[in-house]
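Residue strings, one per chain:
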Amino acid sequence: MLSHAEASEKFIANQERTDWHDDTLWFVRAKRDKASKLIPEWEALREHASQIKEHMLSNLPQYLLEFEVNAQANGIQVHWAKDAHEHNEIVYSIIQKHGDKALVKSKSMLTEECHLNAFLEQKGIDVVDTDLGERIVQFRNEVPSHIVLPAIHLKKEDVGETFHQHLGTPKGNKDPQFLTEAARIHLREKFLAAKVAITGVNFAVAETGEFVVCTNEGNADMGAHLSEVHIACMGIEKIIPKRQDLGVFLRLLARSATGQLITTYSSHFAKPREGQEMHIVLVDNGRSRQLAREEFRNSLKCIRCAACFNTCPVYRRSGGHSYHQPVAGPIGSILAPNFDKKANVDLPFASTLCGSCSNVCPVKINIHEQLWFWRQDLMKEGLAPAGKVISMKLMAWVLSNPSLFKWAGAMGRKVISWAPWLVNNGLNPWYKQREMPEAPKQSFQEWYKSNRS
Amino acid sequence: MSSREEILKALQGVQMPAKAYPGTFTSQVHGEDTLADFLHSMQVVSTTVLQVQDASEAQPLLDEHFPKLQRVRLEKLSDGLSLAHVDVLEITGDFGVAENGAIWLDDAILPHRVAPFICQHLVIYLSKKNLLPTMQEAYIRLGNQLTGFGVFLSGPSKTADIEQSLVIGAHGARSLVVVLTES
Ligand code: SF4
């Protein structure tokens, strides 16, 4: 497997595509800014959302039990899975009971985390991803590169070619409207035929035993309402205490994700349809371990909006696949070492620690600080990549000494203007393929000193 | 030990400070004009709004809007598949939310859960009296009454998964018309 830095090097080799990727995601980030500025109480909402999630985490077992009781009273069958394998087995056993060989699935990052598709395919089940972006990457034998925009690494020419091969659309046709229509026709057939539908879960309400799924395309609903069996899969941290909390989260989610006012559909599933079976699988898979890690506990507040991806200068210019994890970006880099420190040791280093992620996060996770905590943890355990250890030690020494910090900053600016090749060298992978910015002549502190009074 | 017990035990074993529930969110700021906000949101989510006195007044306008398509209103149905051939479905929405154009639909008013998704075009009748400023008021209105399934629907289905180009009409309805009545 390539490390993040190696994979990024490949990604940025195509300058034009890197710039396009960068600009597109920045555009999404800008839409988020605009949407959030239209809500005067935005900051109060973020604070409230953060507090609800912190409260939930400090009472997680009680809320899970409350959810279970209420969901069961609603007629939903509740399953518990301690890890990915158990989750996959549970889903498979439900499918088997109905003897089906095909199913439709809407977006669920949890099932990506558990590698459910590969598991079911091995058992001879045909899994059809129905989110357009996910269907595209599935046709191409790839994985999503972004949790909200799964095919954001592809250009319309790529999609046109993929659809030509798999759906028989005319070669060379790359019109998004036409291609979307082709996918609509293709997937309608699948929806009408499927007996089993799998969906993800955005929020599960302890108080009412219902769960909420948000989409723009309507694919989760097409699948769930036409199926005889609906299986919803969720990480245990998706619980929220009360229904009224949805008001807070639904106001934040889509605005943070894409700058939309709300997703087209926010569907509340409380009871199965008459004659339908509804299952929910509650999955731990390392979450209780992360909860016990004090510095990283707050990463479980995440509502998977991807605002931190879109704003991250490293993500924008390295692409989701370079993170070699189902959840990429800044938050993925905090979650991944919890699964496997050694295999993901590169990820907490895939950041400039600029803090932009923490600034946009709708539930106020201290993302960049947690990345820094992981670096220290990984270094302590002797796992950090060799080149990083020296620079991290230096940085820690510099950061722990304020006067040194000021001096180093001034030196840094001088070094950049006098000898850019010193900074733009092979030791620092982030400076590959790009020119360093012109160094400001004064730091803010220096400017403040000379302009004060 | 079952996985359920194992998970609960692991979670209960985590020592952490208690964090209080912050209560109901009360700091929302309302726009001055709920109707104007709603109309603006409808525009943002590519929805046509017909403002009329009552439902009958909307009929000629809808004939004009859907010149060749048949419009239907349906009773309760047990089979969702039969809806696959409906061109234009007419339903009545419970209430609408000004800040985002979301309209609440649930089992009590839907002929079938899949109805607003599977039809080609959707018409929702909504009374101006049933407009609320934000999602906070929406959930206060919903309270804890459960109807099995309910959805906040805002605009026609859409996707931007191909190079971020917005395409209206992904898997759900291709267009939405909201008939806003006085009463
Ligand atoms: S960490 Fe915050 S910004 Fe990033 S996906 Fe999660 S909720 Fe969104």
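Residues numbered from 1 in each chain as written. Chains lettered and ligands numbered in written order. Predicted model: local features only at pLDDT ≥ 70, side-chain atom pairs only at ≥ 80, totals over all residues. Heavy atoms only, no water.

Identification of chain B as LUD domain-containing protein from Aquirufa rosea is taken from an unreviewed UniProt entry.

Per an unreviewed UniProt entry, the recorded name for chain A is Lactate utilization protein, and the organism is Aquirufa rosea.

Chemist: Explain the overall build of chain B to me, and be specific about the residues and the numbers.
Modeler: Counting its regular elements, chain B contains five helices and eleven strands. On C-alpha atoms alone, chain B measures out to a radius of gyration of 20 Å, which is more than a quarter above the 16 Å that the 2.2 N^0.38 rule sets for 183 residues. When its C-alpha atoms are laid out on the principal axes, chain B stretches across 65 × 45 × 40 Å. Expressed as a percentage of the 183 residues in chain B, the buried residues total 53%. Sequence separation of at least 24 residues holds for 71% of the intrachain contacts in chain B that already meet a minimum separation of 6. Charged side chains in chain B number 13 positive and 21 negative. The centres of these two groups are separated by 6 Å. (Helix = DSSP H or I, 4+ residues; strand = E, 2+ residues; numbered from the N terminus. Rg over C-alpha atoms; globule rule 2.2 N^0.38 Å. Buried < 20%, exposed > 50% of the residue type's maximum accessible area, 1.4 Å probe, protein only. Contact = heavy atoms within 4.5 Å. Lys, Arg positive; Asp, Glu negative; His and termini not counted. Charge placed at Lys NZ, Arg CZ, Asp CG, Glu CD.)

Chemist: I'd like to hear about the overall build of chain A, residue by residue, with values.
Modeler: Scanning chain A from terminus to terminus reveals 22 helices and ten strands. Taken across its 453 residues, chain A has 60% of its residues classed as buried. Excluding contacts between residues fewer than 6 apart, the proportion of contacts in chain A whose partners are at least 24 apart in sequence is 73%.

Chemist: So, the interface of chain B and chain A: which residues are in play, and what are the values?
Modeler: Taken together, the 73 residues of chain B in the interface contact 96 residues of chain A. In total, about 6,900 Å² of surface goes out of reach between chain B and chain A, with carbon and sulfur atoms giving 62% of it. Remark: the boundary between chain B and chain A carries seven salt bridges. Glutamate 99 of chain B is the partner of arginine 255 of chain A in a salt bridge, and the nearest nitrogen-oxygen pair spans 2.9 Å. In this assembly, chain B and chain A are joined by 38 residue pairs in polar contact (both at pLDDT 80 or more). Mapped by element, the contributors of at least two residues to the side of chain B that touches chain A are α1 (3-12), α2 (34-44), α4 (115-118), α5 (135-142), β8 (149-153), β9 (158-159) and β10 (167-168) of chain B. Residue contributions to the side of chain B that touches chain A peak at eight residues, all from α1 of chain B. (Buried area = accessible area lost by both parts, 1.4 Å probe. Salt bridge = Lys/Arg side-chain N within 4 Å of Asp/Glu carboxyl O. Polar contact = N/O pair within 3.5 Å; in protein donor to acceptor, adjacent residues only side chain to side chain.)

Chemist: Describe the sheet that holds strand β2 (residues 102-105) of chain A, naming the residues involved and giving the relevant values.
Modeler: Residue and element names in this part refer to chain A. In space, the six strands of this open sheet follow the order β1-β10-β7-β4-β2-β3, with parallel pairing throughout. The sheet terminates laterally at β1 (77-81) and β3 (126-129), the two strands that pair on one side only. Across the sheet, the mean angle from the axis of one strand to that of its neighbour is 25°, orientation sign disregarded. As paired elements, β2 and strand β4 (residues 196-199) share two bridges and run parallel to each other. By the bridge assignment for β4, lysine 105 is matched with isoleucine 198. (Pairing = 2+ DSSP bridges. Axes fitted to C-alpha atoms, helices over the stretch in contact; angles between N-to-C directions.)

Chemist: Could you give me a rundown of the UniProt feature "domain: LUD" (unreviewed entry) in chain B, with the residues and numbers involved?
Modeler: This chain's UniProt record puts "domain: LUD" (unreviewed entry) on residues 74-180 of chain B. Strand forms 33% of residues 74-180 of chain B and helix 11%; the C-alpha atoms that close the span are 20 Å apart. (UniProt positions renumbered as here; feature names shortened; annotations may be inferred.)

Chemist: A description of helix α4 (residues 60-73) of chain A should follow, citing residues and the corresponding values.
Modeler: Residue and element names in this part refer to chain A. Taking 1.5 Å as the rise per residue, α4 with 14 residues should run 20 Å; its terminal C-alpha atoms sit 20 Å apart, in good agreement. Within the sequence span of α4, burial applies to Leu60, Pro61, Tyr63, Leu64, Phe67, Glu68 and Ala71. Projection of α4 onto a plane perpendicular to its axis shows the buried side chains occupying an angular sector of 160°, all on one side. In α4, the exposed residues that point more than 90 degrees away from the buried face are Val69 and Ala73. Two residues or fewer after α4 comes glycine 75, characterised by a positive phi angle close to 95°. (Expected span 1.5 Å × (residues − 1). Arc of directions from axis to C-beta.)

Chemist: Describe the packing of helix α2 (residues 15-37) of chain A against helix α12 (residues 245-258) of chain A, with residues and values.
Modeler: All names here are of chain A. Running from N to C, α2 and α12 cross one another at 140°; their axes reach a closest spacing of 6 Å. Across the interface between the two elements, Val28, Lys31, Arg32 and Ala35 of α2 pack against Arg255, Ser256, Ala257 and Thr258 of α12. Grouping the amino acids of the contact of α2 with α12 by side-chain chemistry returns three nonpolar, two polar and three charged. (Nonpolar A, V, L, I, M, F, W, Y, C, P; charged D, E, K, R; others polar.)

Chemist: Please provide a residue-by-residue account of the site of the ligand, values included.
Modeler: Taken together, 13 residues are adjacent to the ligand, and Cys302, Cys305, Ala306, Cys308 and Cys361 of chain A come closest. Looking at the shell around the ligand residue by residue, the classes come out as twelve nonpolar, no polar and one charged. (Near = heavy atom within 4 Å.)

Chemist: Report on the pairing of strand β5 (residues 103-106) of chain B, specifying residues and quantitative values.
Modeler: Residue and element names in this part refer to chain B. Because side chains alternate across β5, one face comprises the buried residues Ile103 and Leu105, and the other comprises Trp104 and Asp106, equally buried. As defined by bridge partners, β5 adjoins β8 across four bridges and the pair is classed as antiparallel. Looking across to β8, one finds that tryptophan 104 is bridged to phenylalanine 152.

Chemist: Which residues make up the pattern of salt bridges, and what values do they have?
Modeler: Think of it this way: side chains of opposite charge can pair up when their charged atoms draw near. All names here are of chain A. Counted by the stated rule, this structure contains 35 salt bridges over all chains. With its nearest N and O atoms 3.0 Å apart, the salt bridge here joins arginine 251 to glutamate 41. In this pair, arginine 251 sits in helix α12 while glutamate 41 sits in the loop between α2 and α3 (42-58), placing the two residues 210 residues apart along the sequence. Judged by its relative accessible area of 4%, glutamate 41 is buried.

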